[in-house]
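For reference, the chains in residue letters:
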Amino acid sequence: MVFYLTLIFACQLAGELLKAALELPVPGPVIGMVILFVGLVIKGGIPDGLAKVGDAFLGNLSLLFVPAGVGVMLHIALIGEQALAITLALVGSTLATIAVTALVMSIFGRGRQENAEKTDG
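Description of the structure in this document. (Residues numbered from 1 in each chain as written. Predicted model: local features only at pLDDT ≥ 70, side-chain atom pairs only at ≥ 80, totals over all residues. Heavy atoms only, no water.)

### Some points on the packing of helix H1 (residues 2–22) against helix H2 (residues 28–43)
As a packed pair, H1 and H2 sit with axes 7 Å apart at the nearest point and diverge in direction by 125°. Between H1 and H2, the interaxial angle falls into the category oblique. In the crossing of H1 with H2, the sense of the turn from one axis to the other is right-handed. Judged by residue contacts, Leu 7, Ile 8, Cys 11, Gln 12, Ala 14, Gly 15, Glu 16, Leu 18 and Lys 19 of H1 engage Gly 28, Pro 29, Ile 31, Gly 32, Ile 35 and Leu 36 from H2. Taken together, the residues of the contact of H1 with H2 break down into nine nonpolar, four polar and two charged. (Axes fitted to C-alpha atoms, helices over the stretch in contact; angles between N-to-C directions. Helix = DSSP H or I, 4+ residues; strand = E, 2+ residues; numbered from the N terminus. Parallel < 35°, antiparallel > 145°, perpendicular 65-115°, else oblique. Left-handed = near helix turned anticlockwise from the far one by under 90°. Contact = heavy atoms within 4.5 Å. Nonpolar A, V, L, I, M, F, W, Y, C, P; charged D, E, K, R; others polar.)

Structure (structure tokens):
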């Protein structure tokens, strides 16, 4: 289990290093997640130990939101002053996410339907 935990953190570190070295606009942990994903695709699956570590992270995910909650409470007056802008940003980004998700699902669904028609025909 320690090996897989180290592997996750090593991928995150590699992502941070790549971000800094190449001055990429993407967060280091996201790059690390892509590195881990590519490694898992090459391996052809998720090892049981890595799955257990991932499940443990997900089981305790709520603990990771405690610092963010403290930050929100610390700056509640500022949030109140900017409530309209924050609300518009949240609604706009949610609508954009829904639209992009629908578009991607439409594109992938169309390709799937065409493949099904080819195999049936």
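There's plenty left to go through after this.
### Thoughts on the layout of surface pockets
Of the voids in this model, the largest pocket is the one considered here, and its volume is about 490 Å³. Lining the largest pocket are 16 residues; nearest its centre among them are Ile 8, Gly 32, Met 33, Leu 36 and Phe 57. When residues of the lining of the largest pocket are traced back to their parent elements, those giving at least two are H1, H2 and helix H3 (48–59). Take the lining of the largest pocket: its biggest share by element is seven residues, from H2. Of the residues assigned to the lining of the largest pocket, the class counts are 13 nonpolar, three polar and no charged. (1 Å grid on protein atoms, 1.4 Å probe; cavity = no way out; pocket = protein on both sides within 12 Å on 5 of 7 lines; lining within 4 Å. Points joined across faces, edges and corners; volume = space filled by probe spheres on them.)

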